[in-house]
Amino acid sequence: METRIVKIDENHIDKGLMEEAVEIIKNGGLVAFPTETVYGLGANGLNEEAVRKIFQAKGRPQDNPLILHVHSTQQVKELVVEIPEIARICMEKFWPGPITFLLKRSQIVPDIITAGLDTVAIRMPENKIALELIRMANTPIAAPSANISGRPSPTSANHVIDDLMGKVHMIIDGGKTGVGLESTVLDLSGDLPMILRPGGVTKEELSQIIPNIAIDSSIMREGEGIVPKSPGQKYRHYAPKAEMIVYNGEIHSIVEAIRDNTKRYKEIGKSVGIICTDETKGLYTHGYIISMGSRKNKETIARNLFNILRTLDGKEIDIILAEGVELSDLGIAIMNRMMKAASGNVIDV
Ligand code: TXA
Ligand code: MG
């Protein structure tokens, strides 16, 4: 399949190019597009055949449900049985933005979207290209992250091109994404609101509206027979080619541990990549050293993380030693992705 790559400026949206994209969606094809979190791989969310193509292009397991993207709260109504009061308040406060709500699904949502579950995931993205695409297509757009399953989510059009060239009809290049990590997934379908995936909207922000908010305890653990409530959380994810270890604890101890281990790995002939921060960069003398940004700015770290994992894939590296970050605010989402990238290989120091 030939993939058409088009550049669209979020602030001066080219109507002609958008119409081409909409034609593809209407004809049951695939369009990769930017959102404020990561790039999405979009298809008409109410067309089962079109949605099936998403799973094929990504190599995604069939039991992992997809998010439907909407451009208005009006559009949510037909997709769900009801919109509970708490969902109404959260949509008002956080949409458009990096948060997905799970609600009880209606019958018009195809089974392939929900993987047979009785809930449907819905998000209104903030990126203007995404919103315009959904509005013009006049249908909810199903879109997982636009990467091959298991790889880090794409935060630039080049990442999408690397993974999906020849597998999709169009890739819209709208520049680098702002948040850099996927949306928070918040289950509002039961009695207890629960975060199933930490993301762009933090637990602290949500607590202001939902004081009793819970967080799925599997988020920070892997293995040990732990079953996450969100199917997507159980798969190996964001995985770089090299083995990866995340060091968690007080920063001086982290640096010391990484320095010691770099030496040890070098001695046995392994090439080391170090994921660090601006504050600590100068403390390492060996290995391929790459900073996520300042520890004082978790937004920057979130924005850079996936690109760094992909950059390291392009180097001849055997093992990646990564500094963990504080488990607060966006730090929870950052550590969740790092832990998964490391297949649960987290060492407390
Ligand atoms: O920021 C984002 O959310 C991006 C952009 C493109 O919007 N999308 C994204 O989609 O990250 P995806 O498919 O890569 O991740 C969706 C997550 C998966 O972990 C999936 O298991 C979960 O949401 N999910 C979707 N529907 C669900 C449902 N009904 N119940 C539980 N989890 C669900
Ligand atoms: Mg994904």
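Preceding this section is the structure that the text describes.
Within each chain, residue numbers correspond to sequence positions counted from 1 in written order. Chain letters start at A and ligand numbers start at 1, both assigned in the order the entries are written. Reporting in this predicted model follows two pLDDT cut-offs: at least 70 for local features of residues, and 80 or more for side-chain atom pairs to be given and counted; totals over whole chains, interfaces and linings ignore these cut-offs and use all residues. For side-chain calculations, the full set of non-hydrogen atoms in the structure is used, while hydrogens and water are omitted.

Asker: So, the sheet that holds strand β13 (residues 272–276): which residues are in play, and what are the values?
Answerer: Strand pairing is assigned whenever DSSP identifies at least 2 bridges connecting the two strands. By the criteria applied, helices consist of DSSP H or I runs no shorter than four residues and strands consist of E runs no shorter than two, each listed in order from the N terminus. Spatially, 5 strands are ordered β14-β13-β15-β12-β16 in an open sheet, and the strand pairing comes out parallel. The outermost strands of the open sheet, each flanked by one partner alone, are β14 (288–291) and β16 (346–348). Taken over all neighbouring pairs, the strand axes of this sheet differ in orientation by 20° on average, direction set aside. Sheet topology places strand β12 (residues 243–248) next to strand β15 (residues 319–323); 5 bridges connect them, and they run parallel. Its bridge partner lying in β15, Tyr247 is registered against Glu323. Sitting on the sheet, helix α9 (residues 298–313) is in contact with β12, β13, β14 and β15, with an inclination near 165° to β14. We call two residues in contact when some of their heavy atoms are within 4.5 Å. Only the contacting stretch of a helix is used when fitting its axis, a line to C-alpha atoms as for every element, and angles between N-to-C directions run 0 to 180 degrees. Here helix α10 (residues 330–341) sits on the sheet and contacts β12, β13, β15 and β16; the angle it forms with β12, its principal contact strand, is near 140°.

Asker: Talk me through unusual backbone geometry; I want residue IDs and the actual numbers.
Answerer: Glycine aside, residues mostly have negative phi, and peptide bonds are mostly found in the trans state. The omega angle of the peptide bond from Trp95 to Pro96 is -10°, so this bond is cis rather than trans. Positionally, Pro96 belongs in the loop between α3 (85–94) and β5 (99–104). In the Ramachandran plot, Asp329 falls in the positive-phi region, its phi being about 45° despite a non-glycine side chain. Along the polypeptide, Asp329 turns up in the loop between β15 and α10. We note that Ser343 has phi near 50°; this positive angle belongs to a residue other than glycine. Among the structural elements, Ser343 can be located in the loop between α10 and β16. Exposure categories follow from relative accessible area, calculated using a 1.4 Å probe and restricted to protein chains: below 20% of the type maximum is buried, above 50% is exposed, and the middle band is partly exposed. Accessibility expressed as a relative area gives 37% for Ser343, which makes it partly exposed.

Asker: Give a detailed account of the site of ligand 1, specifying residues and quantitative values.
Answerer: We define proximity as follows: a residue is near a molecule or strand when any one of its heavy atoms falls within 4 Å of that partner. Neighbouring residues of ligand 1: 25 residues in total, closest Thr37, Asn64, His69, Ser183 and Gly232. As used in this structure description, the phrase polar contact means that two N or O atoms lie within 3.5 Å; if the pair is within protein, one of them must be able to donate a hydrogen and the other to accept it, and residues adjacent in sequence are counted only when both atoms belong to side chains. Contact distances for ligand 1 include 2.9 Å between an oxygen atom and a side-chain N or O atom of Arg60. Side-chain polar atom of Asn64 to an oxygen atom of ligand 1: 2.6 Å apart, as the coordinates give it. Surface accessibility follows the Shrake-Rupley procedure with a 1.4 Å probe radius. Residue values consider only the protein chains on display as shielding. Relative to its unbound accessible surface of 680 Å², ligand 1 loses 97% to contact with the protein. At the level of secondary structure, the elements contributing two or more residues to the shell around ligand 1 comprise β4 (67–69) and β6 (119–123).

Asker: Account for the packing of aromatic side chains, naming residues and giving values.
Answerer: Pairing of aromatic rings covers Phe, Tyr and Trp, the last counted by its six-membered ring, and requires centre-to-centre distances within 6.5 Å; plane angles under 30 degrees mean stacked, over 60 mean edge-to-face, and any other angle means tilted. One pass over the full model with this rule turns up 1 aromatic pair. Where Trp95 meets Phe101, the ring centres are 5.2 Å apart and the plane angle is 45°; that geometry is what we call tilted. The same class applies to Trp95 as to Phe101, namely buried.

Asker: Tell me about the pattern of salt bridges, and please be specific about residues and values.
Answerer: Oppositely charged side chains may form a pair once their charged atoms are brought near each other. Here, a salt bridge means any side-chain nitrogen of Lys or Arg that lies within 4 Å of a carboxyl oxygen of Asp or Glu. Within the structure shown, the criterion is met by 16 salt bridges. Ionic pairing is found between Asp111 and Arg105, a salt bridge with its closest N-O pair at 2.9 Å. With a shortest N-O distance of 2.9 Å, Arg295 and Glu323 are connected by a salt bridge. With Arg295 in the loop between β14 and α9 and Glu323 in strand β15, this residue pair connects regions lying 28 residues apart in the sequence. We classify Glu323 as buried; its relative accessible area is 0%. Members of the salt-bridge network, linked through shared partners, are Arg151, Asp163, Arg310 and Asp313.

Asker: Describe the environment of Thr202, and please don't skip the residues or the numbers.
Answerer: You can see Thr202 is positioned in the loop between β10 (194–197) and α7 (203–207). By relative accessible area, which is 7% here, Thr202 ends up buried. Linking Thr202 and Thr114, residues 88 residues apart in sequence, is a C-alpha distance of 25 Å. Beyond its immediate chain neighbours, meaning those up to four positions away, Thr202 contacts Asp329 and Leu330.

Asker: Can you explain the nonpolar core? Please cite residues and give values.
Answerer: The term nonpolar core refers to a set of buried residues drawn from Ala, Val, Leu, Ile, Met, Phe, Trp, Tyr and Cys, joined through side-chain atoms within 4.5 Å. Grouped together as the largest cluster of nonpolar side chains are 47 residues, with contacts concentrated most on Val76, Trp95 and Leu186. Elements with a contribution of two residues or more to this core: β3 (40–44), α2 (48–58), α3, β5, α4 (111–114), β6 and α6 (157–164). Counting residues per element, this core draws most heavily on α2, at 5 residues. Excluding anything up to four places from it in sequence, Leu186 contacts Cys90, Ile99, Thr100, Phe101, Leu102, Pro193, Met194, Ile195, Leu206, Ile210 and Ile213. Residues Ala302, Leu305, Leu312 and Met335 belong to the second largest nonpolar core, which totals 27 residues.

Asker: Give me the lowdown on the packing of helix α1 (residues 15–26) against helix α5 (residues 128–137), citing residues and values where you can.
Answerer: One can describe the packing of α1 onto α5 by two numbers: an axis separation of 9 Å at closest approach and a directional angle of 55°. When the axis of α1 is compared with that of α5, the two are oblique. In terms of crossing hand, the pair formed by α1 and α5 is right-handed. Where α1 abuts α5, its residues Lys15, Met18, Glu19, Ala21, Val22, Ile25 and Lys26 lie against Ile129, Glu132, Leu133, Met136 and Ala137. Working definition: roughly parallel below 35 degrees, roughly antiparallel above 145 degrees, roughly perpendicular at 65 to 115 degrees, and oblique for all remaining angles. Two helices cross in a left-handed way if the nearer one is turned anticlockwise from the farther one by less than a right angle. They cross in a right-handed way if the turn is clockwise.

Asker: So, the sheet that holds β4: which residues are in play, and what are the values?
Answerer: Across the sheet, 11 strands lie side by side as β1-β8-β2-β3-β7-β4-β6-β5-β9-β10-β11; this open sheet has mixed pairing. A single partner strand is all that each edge strand has here, and the edge strands are β1 (4–7) and β11 (214–215). Where β4 and β6 come together, 3 bridges link them in parallel fashion. Bridged to His69 within β6 is Arg123. Sitting on the sheet, α3 touches β5 and β9 (184–187), and the angle it makes with β5 is about 160°. Here α6 sits on the sheet and contacts β1, β2 (31–33), β3 and β8 (170–173); the angle it forms with β8, its principal contact strand, is near 160°.

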